[in-house]
2 protein chains.
Amino acid sequence: MSVDRRTQAQRLDAADPLAAFRDEFVIGEPDLVYLDGNSLGRLPRVTRDRLRAAVDEEWGVDLVRGWDRWIALAREAGEVLATGVLGADPGEVLLADSTSVNLYKLAVAACDARPGRRVIVTDDDNFPTDRYVLEGVAAARDLTLRVIRSDLDTGVSIAAVREALDDDVALVSLSHVAYRSGAIADVDAITRAVHDAGALMLWDLCHSAGAVPVPLRSAGVDLAVGCTYKHLNAGPGAPAFLYVRSDLQAELRQPIWGWFGQRDQFAMGPAYDPAPSMDRFLVGTPPVLGGYAALCGATLSASAGIDRIFAKSTALGDFAIELFDEWLAPHGFALASPRSGRGAHVTLHHHGAWQISQALREASVIPDYRTPDRLRLGLAPLYTRFADVYEGLDRLRTIMEAESWRRFSANRSRVT
Amino acid sequence: MSVDRRTQAQRLDAADPLAAFRDEFVIGEPDLVYLDGNSLGRLPRVTRDRLRAAVDEEWGVDLVRGWDRWIALAREAGEVLATGVLGADPGEVLLADSTSVNLYKLAVAACDARPGRRVIVTDDDNFPTDRYVLEGVAAARDLTLRVIRSDLDTGVSIAAVREALDDDVALVSLSHVAYRSGAIADVDAITRAVHDAGALMLWDLCHSAGAVPVPLRSAGVDLAVGCTYKHLNAGPGAPAFLYVRSDLQAELRQPIWGWFGQRDQFAMGPAYDPAPSMDRFLVGTPPVLGGYAALCGATLSASAGIDRIFAKSTALGDFAIELFDEWLAPHGFALASPRSGRGAHVTLHHHGAWQISQALREASVIPDYRTPDRLRLGLAPLYTRFADVYEGLDRLRTIMEAESWRRFSANRSRVT
């Protein structure tokens, strides 16, 4: 049977229209099965070269004159993200700050735009920083944070959102793809319900940008944020992005009045006068190296095409679930992701998940461990082969059969 | 006379104990006189090599495992800044976000710590982003922003600060070194006066960190922020730093409750519980490349020694002012910096400053133009030679004698 599965993986790879994209990335250790899902995407070759030129030739030689070029990076990367990755319009997306800071800026702006409404809604399986930032915004304004109960394996339901909505809700903020299960939320239906209640909708796209189509324009989404270091492959700590629907830009004001948000930044005038465009959501001097990396990464994803990326991600996940059913369910694993409607990762539940994740690393397979007892397998479509899924799960099966994972301590240390 | 001045410059360079530090930097165009003051410091060789390794070997090969190392960068760079650059204690400084975002976080935290007090004080020549951010904090809380009149050439006086203080003031925020004139504010006296009024003091160290001794500990400063891309040579858009005096850390809470500020970040628990230390002032995932560059740059400055750096900066400025008196005053320039008590730049006033700055660029001299009519000459002590001061001002004298600057348009385009 395992020979059949291996052949199946080879056939799937041979038929994969995105197979050649793997060559666009640096593959450091050929034997490593990289199923990180996806705290850090791989290094694109073009980014390595671009960063070298930016350091050696631009910073090293052009010096401060480099800003003539660098000042446009936030907008340039934003255009590629808007039109090539996120289904938004030009002028609606910018690179800026971290996801957490952007979430804060947009959440405050949204609450200011709905004065008198006293509730922010999120769900209990939203990513920690989202829950904390919203908790902080609510605390500072004496608002209520209404927390929807979410299903750990299947995500937040439209029914649960509807139940949380009333005319006291100012803002609803949820993740498009759940970081634990990979469940895809129904952006169209949820955004419509939120608008029917007169509230604003803020989507966190960290696990969907570059992996899943994001219908910002067609769903009429108000606000969104996301990172670029996962499926956009922009490197560790690369800047995040934020989206504000064009007709809301002049109406909303974010709270951190930095000079990059100023209408005429270099006039250095006496009073803050926010730009009439998306620029008002900028704050301070932007990171140039991360900006180049985000531009390169977004361009690569856009050239592959989000629909093709999503189709491959789904096929990779389906294959992983087939192998799970056959090889892993007998060893006490349970599927902790939806069988359909997933982002680019598949999550398995096992009471020994932490120890198993250590055993996998020893076997040159890198998964994510996620609390409390989950193994998250990232399937980044641009460079993950069906053969990698086969190889990674085959090594996992071997670990389970030999029970070698029991040698590892159950004490959890820090986990990224 | 000009031969004498050239000889003087050569003698000063020969006696300079920091002369060898120039070799630590990439010098792209040997003929370029780089007097940017200082929107962007030069590229240290060690940083070029470190960034290449971080991209090629860590991101490219270690992948997500790199976070085992990267997670410490904000703290590690903070320790070097605290103990080697800023006169603070270990555990009081961290790398994070941009200067503007840090200023916002600390200003809100300070106002929260002085409930009932309704005034924030700053000065009218503070850097624009400082004024705008404080204006935003005041607007959101319905506080008054009290703006001290500052002297454009000599900075903010202790008398003016005293006049602005009363028991309604929550926070005073000023720049240590004025970005236009280079005037050094009296940190000791001003901080003491602010404390006497029961308010908190927040210093912006952008133009002093790495150039001027900063007596944070000895003056009992409460809060500070600053950037690393000027005199710390960390590259375009490198992360900023923030300082909170150790005894205030548990008391103050910043408003952006991101997961990097959480006590047990990777437990990913349900509610925000800020770290009991400086970590609570962190927000989102930190930029790794900028973090390495800041660590390298801070280490280089610390190894040169801030007292030696400041002594050379003063000597470079004194020499520039001698040449100004002799060569430039006759051409209608006026000195717009203090003759003593300056940071690492000297600013000249001339009604044609914008055109002159263009003519200088054409002559391979890079100064800064600063509104409304100022030419700022940066004298970064780690790589600027007395011969560069001679050469740059000699070319400027030639431009003035030939009146060649009048060929340039007086229309100002964007200026960084």
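Residues numbered from 1 in each chain as written. Chains lettered and ligands numbered in written order. Predicted model: local features only at pLDDT ≥ 70, side-chain atom pairs only at ≥ 80, totals over all residues. Heavy atoms only, no water.

Here we come to the overall build of chain A. Along chain A, the regular secondary structure elements total 13 helices and 13 strands. Against the compact-globule benchmark of 22 Å for 416 residues, chain A has a radius of gyration of 22 Å, which places it among compact chains. Across its three principal directions, the C-alpha atoms of chain A cover 70 × 55 × 40 Å. Sequence-distant contacts, at least 24 apart, represent 72% of the contacts inside chain A between residues at least 6 apart. Put simply, chain A shows about 13600 Å² of open surface, and 49% of that area lies on carbon and sulfur atoms. Separation between the mean location of the 44 positive side-chain charges and that of the 55 negative ones in chain A comes to 2 Å. (Helix = DSSP H or I, 4+ residues; strand = E, 2+ residues; numbered from the N terminus. Rg over C-alpha atoms; globule rule 2.2 N^0.38 Å. Contact = heavy atoms within 4.5 Å. Areas by Shrake-Rupley, 256 points an atom, 1.4 Å probe, with all protein chains shown as cover. Lys, Arg positive; Asp, Glu negative; His and termini not counted. Charge placed at Lys NZ, Arg CZ, Asp CG, Glu CD.)

This next bit is on the nonpolar core. Formed by 153 residues in total, the largest nonpolar core has its most connected members in Leu86(A), Trp203(A), Leu86(B) and Trp203(B). Excluding its chain neighbours within four sequence positions, the residues that come into contact with Leu86(B) are Leu81(B), Val93(B), Leu205(B), Ala209(B), Val214(B), Leu216(B) and Phe241(B). Counting residues in hydrophobic clusters, the runner-up holds 82 residues, among them Ala109(A), Ala138(A), Leu143(A) and Leu106(B). (Core = buried A, V, L, I, M, F, W, Y, C linked by side-chain atoms within 4.5 Å. Buried < 20%, exposed > 50% of the residue type's maximum accessible area, 1.4 Å probe, protein only.)

What follows concerns the relation of the copies chain A and chain B. The two chain copies are connected by a rotation around an axis plus a translation along it. Rotating chain A by 180 degrees and moving it 0.0 Å along the rotation axis overlays it on chain B with an RMSD of 0.0 Å. Here the copies are linked by what is in effect a two-fold axis. In this assembly the copies share their binding face: 100% of the residues contributing to the interface of chain A also contribute to that of chain B. (Least-squares fit on C-alpha atoms with pLDDT ≥ 70 in both.)

Opposite the 76 residues of chain A that make contact, chain B presents 76 residues. Between chain A and chain B, a total of about 6700 Å² is buried, with carbon and sulfur atoms accounting for 67% of that surface. Ionic pairing is found between Asp56(A) and Arg52(B), a salt bridge with its closest N-O pair at 2.6 Å. Linking chain A to chain B there are 27 residue pairs in polar contact (both at pLDDT 80 or more). Contributions of two or more residues to the side of chain A that touches chain B are made by helix H2 (45-62), helix H3 (67-70), helix H5 (99-112), helix H6 (128-141) and helix H10 (288-304) of chain A. For the side of chain A that touches chain B, the element with the most residues is H2(A), which contributes nine residues. Residue composition of the side of chain A that touches chain B, by class: 43 nonpolar, 19 polar and 14 charged. (Buried area = accessible area lost by both parts, 1.4 Å probe. Salt bridge = Lys/Arg side-chain N within 4 Å of Asp/Glu carboxyl O. Polar contact = N/O pair within 3.5 Å; in protein donor to acceptor, adjacent residues only side chain to side chain. Nonpolar A, V, L, I, M, F, W, Y, C, P; charged D, E, K, R; others polar.)

Next up on the list: helix H6 (residues 128-141) of chain B. Residues and elements named next belong to chain B. Its 14 residues give H6 an end-to-end C-alpha distance of 20 Å, which sits within 8% of 20 Å, the value for a rise of 1.5 Å per residue. Within H6, ten of the 14 residues are buried, which leaves it mostly tucked inside the rest of the structure. When H6 is considered as a whole, its buried residues turn out to be Pro128, Thr129, Asp130, Arg131, Tyr132, Val133, Leu134, Gly136, Val137 and Ala138. In this fold, the buried residues of H6 make contact with helix H5 (99-113), strand E3 (119-123), strand E4 (144-148), strand E5 (169-175) and strand E6 (200-204). (Expected span 1.5 Å × (residues − 1).)

What follows is about the sheet that holds strand E3 (residues 119-123) of chain A. Sheet strands pair via backbone hydrogen bonds, and the direction of the pair is either parallel or antiparallel. Residues and elements named next belong to chain A. As summarised here, the arrangement of the seven strands in space is E2-E8-E7-E6-E5-E3-E4, forming an open sheet in which the pairing is mixed. At either margin of the open sheet sits one strand with a lone partner, and together these are strand E2 (93-95) and strand E4 (144-148). Direction aside, the axes of adjacent strands within the sheet are offset by 20 degrees on average. When E3 meets E4, the two strands line up parallel, connected through five bridges. Residue pairing across strands places Thr122 opposite Val147, the latter belonging to E4. Running at roughly 135 degrees to E2, helix H4 (residues 73-85) makes contact with E2 and strand E8 (241-244) of the sheet. (Pairing = 2+ DSSP bridges. Axes fitted to C-alpha atoms, helices over the stretch in contact; angles between N-to-C directions.)

Residues and elements named next belong to chain A. Packing of H4 against H10 leaves a shortest axis separation of 9 Å and a crossing angle of 20 degrees. With respect to H10, the element H4 is oriented roughly parallel. For the pair H4 and H10, the sense of crossing is left-handed. Residues Leu73, Glu76, Ala77, Val80, Leu81, Gly84 and Val85 of H4 touch H10, and the partners they reach there are Val288, Gly291, Tyr292, Leu295, Ala298, Thr299, Ser301 and Ala302. (Parallel < 35°, antiparallel > 145°, perpendicular 65-115°, else oblique. Left-handed = near helix turned anticlockwise from the far one by under 90°.)

Let us now look at the pairing of strand E13 (residues 374-378) of chain B. Every regular strand shows the same layout, with side chains that alternate between the two sheet faces. Residues and elements named next belong to chain B. Of all five residues that make up E13, five are buried, and the element is covered over most of its length. Residues Arg374, Arg376 and Gly378 point to one face of E13 and Leu375 and Leu377 to the other, with burial holding for every one of them. Strand direction decides the pairing type here: strand E10 (residues 345-349) and E13, joined by five bridges, are antiparallel. Directly across from Thr347, in E13, lies its bridge partner Arg376. Counting the residues in the hairpin turn of strand E12 (residues 368-370) and E13 gives three residues.

All names here are of chain A. Taken domain by domain, chain A consists of domain 1 (2-45 + 305-407) and domain 2 (71-304). Between domain 1 and domain 2, the C-alpha centre-to-centre distance is 29 Å. Contacts between the two partners involve 36 residues from domain 1 and, on the opposite side, 29 residues from domain 2. Across the domain 1/domain 2 interface, buried area totals approximately 2500 Å², and carbon plus sulfur atoms make up 58% of it. Summed over the three residues of domain 1 that lose the most area to domain 2, namely Asn38, Ile306 and His345, the buried surface amounts to 21% of that side. At the boundary of domain 1 with domain 2, the tally comes to one salt bridge. Summed over the shared surface of domain 1 and domain 2, the result is 15 residue pairs in polar contact (both at pLDDT 80 or more). Elements with a contribution of two residues or more to the side of domain 1 that touches domain 2: helix H11 (306-328), strand E10 (345-349) and strand E13 (374-378). Considering every element that reaches the side of domain 1 that touches domain 2, the biggest residue donor is H11, with five residues. Here the residues of the side of domain 1 that touches domain 2 are counted per class, giving 17 nonpolar, eleven polar and eight charged. (Domains from an automatic or database assignment.)

The next thing to look at is the environment of Glu24(A). Residue and element names in this part refer to chain A. By the secondary structure assignment, Glu24 is in the loop between helix H1 (2-14) and strand E1 (33-34). What makes Glu24 partly exposed here is its relative accessible area of 36%. In this structure, Glu24 is in contact with Pro44, Arg45, Val46 and Leu300, ignoring residues within four places of it in sequence.

Residues and elements named next belong to chain B. Its place among the elements puts Asp273 in the loop between strand E8 (241-244) and helix H10 (288-304). The sequence separation of Asp273 and His351 amounts to 78 residues, and the corresponding C-alpha distance is 55 Å. Excluding its chain neighbours within four sequence positions, the residues that come into contact with Asp273 are Gly261, Gln262 and Arg263.

Two side chains of opposite charge can pair, provided their charged atoms sit close to one another. Within this structure, the stated rule accounts for 60 salt bridges over all chains. We note a salt bridge from Arg75(B) to Asp279(B), for which the minimum N-O separation is 3.0 Å. Within this pair, whereas Arg75(B) is found in helix H4 (residues 73-85), its partner Asp279(B) is found in the loop between E8 and H10, the two being separated by 204 residues in sequence. We classify Arg75(B) as partly exposed; its relative accessible area is 40%. A cluster of three or more residues bridged by salt bridges with shared partners is formed by Arg5(A), Glu322(A) and Glu326(A).

Right, let's talk about the sheet that holds strand E12 (residues 368-370) of chain A for a bit. All names here are of chain A. Overall, antiparallel pairing links the four strands, which are arranged E9-E10-E13-E12 in an open sheet. The sheet is open, and its two edges are formed by strand E9 (334-335) and E12, each paired on a single side. Contacts from helix H12 (residues 353-362) reach E12 and E13, with the element oriented near 40 degrees to E13.

To continue, consider the packing of aromatic side chains. A full pass over the atoms with the stated rule returns 22 aromatic pairs over all chains. Plain terms: the ring middles of Trp259(A) and Phe266(A) are 5.6 Å apart, the flat faces sit at 70 degrees to each other, and that makes the pair edge-to-face. In terms of burial, Trp259(A) and Phe266(A) fall into one category: buried. Centroid distance Trp259(A) to Phe127(B): 4.8 Å. Interplanar angle 75 degrees. Geometry classified as edge-to-face. Taken together, the residues span two chains, with Trp259(A) in the loop between E8 and H10 and Phe127(B) in the loop between E3 and H6. Through successive ring pairs, a cluster of aromatic residues spans Trp259(A), Phe260(A), Phe266(A), Phe127(B) and Tyr179(B). A cation over a ring is seen here: Arg50(A) above Tyr292(A), with NZ or CZ 4.1 Å from the ring centre. (Phe/Tyr/Trp six-rings, centres within 6.5 Å; stacked < 30°, edge-to-face > 60°. Lys NZ or Arg CZ within 6 Å of the ring centre and 35° of its normal.)

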